Amino acid sequence: MRDQALAYASEHQQLHIEQLMELLCIPSVSTLPEHKPAVRRAAEWVRNYLQNIGMSRVELIETTGHPAVYAEWLGADPSAPTVLIYGHYDVQPTDPDNEWRTSPFSPTVIGDDLYARGAADDKGPFFALLAAVACYLQSAGRIPVNIKVLAEGEEEVTSTNLPLIVAERATQLACDTILIADHPMATPEVGILMYGVRGNLYTELEVRTLPHDLHSGTFGGVAPNAFNVICQIIATLTDQHGKIAVPGFYDRVRELSTDERALINGGLANEAVVLALTGASALIGEAEYSVAERMSVRPTLDVHGIRGGFIGAGSKTVIPAVAVAKISMRTVPDQDSHDLFALLDAHIQSVTPPSAHAMLRALDSSQPTIINYQHLAVQLAEEAYRLTFGATPLYMRGGGSLPILAEFQQQLRQNGHPVPIVMIGLGLPDDNIHAPNEKLHLPIFYRGITMIIRYFALLGTELAASERLHPD
Ligand SMILES: [Zn+2]
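Predicted model only: the values in this text are computed from it and were never measured. (Residues numbered from 1 in each chain as written. Predicted model: local features only at pLDDT ≥ 70, side-chain atom pairs only at ≥ 80, totals over all residues.)

## Regarding the domain arrangement of the protein
Alright, step 1. For the protein, the assigned domains are domain 1 (2–197 + 368–469) and domain 2 (199–253 + 299–366).
Alright, step 2. Once you take the C-alpha centre of each, domain 1 and domain 2 turn out to be 40 Å apart.
Alright, step 3. The interface is formed by 6 residues belonging to domain 1 together with 8 residues belonging to domain 2. (Domains from an automatic or database assignment. Contact = placed C-beta atoms within 7 Å.)

Pasting the structure below:
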């Protein structure tokens, strides 16, 4: 079955590119209201594709925003595991348009690269997963694993409706592993297996000292200044190295095992590389943790902006009554956003002088996620990478946030454990995602389809066998 699918993949590379180009022509920019019909067209395109390749129960799921798509194929052997494929067909806006060398929704092949908005994030990698399913169904009429597909059109606008869909359909979505391809590889040969992401807690701090602004000549020296106070408060949040000074902030941070430290530090991030990437003259952070660790498995706190007072040209001698700062924290397992908010609020109240009133609001939050990288479903993805690309992939925990992972882990459990999420990279770091001239490197796209075909075969034999041996 696997060899038939592999042969089909190598004979139909051109077909797969043409199909992907159809999807890339649809301007499914989810954040722009005038593109709402296009996001629906992309959903319909995915639905029709899944129908045409022989998936069943194919369905457009209506939401209050953009529609999602579900499909399944459950014809594998009784012992075979079920894989839930997740992806998104919405894209980021294309501006600044004058910096594109090709038209963003007229996909164009130049050399080995396919240029279009969404080529790498995420239509190309997501379509590679679907094409691997198609290769099995078109050549052998069956797949070594059961497949479910859940795709959405709101990933670039914080997946507003997906948590509701996952919660409502937890039974329908039940699976043994979740497969996502939505991040880059390290190089065209070295893949990346992402096994966790940081969470996020985004807050707004408002400090008020007076009912209204005052003149600093008349009242300076006695009237409390909201800007002076907010700066003093912010200065207490971190030490000079960037270590967070809020009492209790690190209490629930899970320490790394020796093995995991070695794994994370085996990646590409080091001081010289990151100095070059950032253009900074020196890096900050906790001296006892490496650059790679500080960028992915340690929590952070950053101030994004401060608003209020006078900032126009010239000088105005005002004592501002109100100052507002945006402050966010990247969080790591096992920190909890709600607990951290309470700790931060208590700390801010304790350092706010009696002359001021501080109010902290949570604007947004998501929980951090970690996946057991030793789970066989992840290890088999490593093997599929190695068999296809000839190199052992890197293991990484992402520094950013992907809120839907925590949702999957909460809702889709098996024997009380969260279902493992396997995140493979099928792009390149210079694919210009979210930027002009987004591209997909076609040799990776073709090999990606091959890799997924191999991965399904490995899951069908080895994961099935291990679960028979260890029913728990
Ligand atoms: Zn994406």
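## Here we look at the sheet that holds strand S4 (residues 108–110)
Alright, step 1. An order of S4-S5-S20 is seen for the 3 strands of this open sheet, with the pairing classed as antiparallel. Here the strands that pair on one side only, and so sit at the sheet edges, are S4 and strand S20 (439–441). Going from strand to strand, the sheet's axes swing by 25° on average, the running direction of each strand aside.
Alright, step 2. Relative to S20, strand S5 (residues 113–115) runs antiparallel, the two sharing 3 bridges. Directly across from Tyr115, in S20, lies its bridge partner Lys439. (Pairing = 2+ DSSP bridges. Helix = DSSP H or I, 4+ residues; strand = E, 2+ residues; numbered from the N terminus. Axes fitted to C-alpha atoms, helices over the stretch in contact; angles between N-to-C directions.)

## A word on the packing of helix H2 (residues 13–24) against helix H4 (residues 123–139)
Alright, step 1. One can describe the packing of H2 onto H4 by two numbers: an axis separation of 10 Å at closest approach and a directional angle of 135°. Between H2 and H4, the angle falls in the class oblique. Helix-helix and strand crossings are classified by hand; for H2 and H4 the assignment is right-handed. Mapping the contact onto sequence places His16, Leu20, Leu23 and Leu24 in H2 and Lys123, Gly124, Phe127 and Ala131 in H4.
Alright, step 2. Across the contact of H2 with H4, the residue classes break down as 5 nonpolar, 2 polar and 1 charged. (Parallel < 35°, antiparallel > 145°, perpendicular 65-115°, else oblique. Left-handed = near helix turned anticlockwise from the far one by under 90°. Nonpolar A, V, L, I, M, F, W, Y, C, P; charged D, E, K, R; others polar.)

## Let's talk about the nonpolar core
Alright, step 1. By size, the foremost hydrophobic cluster in this structure holds 103 residues, and its most contacted members are Ala128, Ala132, Cys135, Ile178, Ile453 and Phe456.
Alright, step 2. Of the residues forming this core, the biggest block, 13 residues, is contributed by helix H14 (residues 442–469).
Alright, step 3. If sequence neighbours within four positions are ignored, Ile453 has contacts with Arg2, Ala5, Leu6, Ala9, Ala132, Cys135 and Tyr136.
Alright, step 4. Within the second largest apolar cluster, 22 residues are counted, among which are Ile327, Met329, Ile348 and Leu360. (Core = buried A, V, L, I, M, F, W, Y, C linked by C-beta atoms within 7 Å. Buried ≥ 20, exposed ≤ 12 C-beta atoms within 10 Å, placed from the backbone.)

## Focus: the confidence of the model for the protein
Alright, step 1. Confidence in the prediction of the protein, expressed as mean pLDDT, is 94, and 99% of residues score 70 or more.
Alright, step 2. pLDDT under 50 marks residues 468–472. Its contacts with residues more than four places away, or in other chains, come to 2 contacts. (pLDDT = per-residue confidence, 0-100.)

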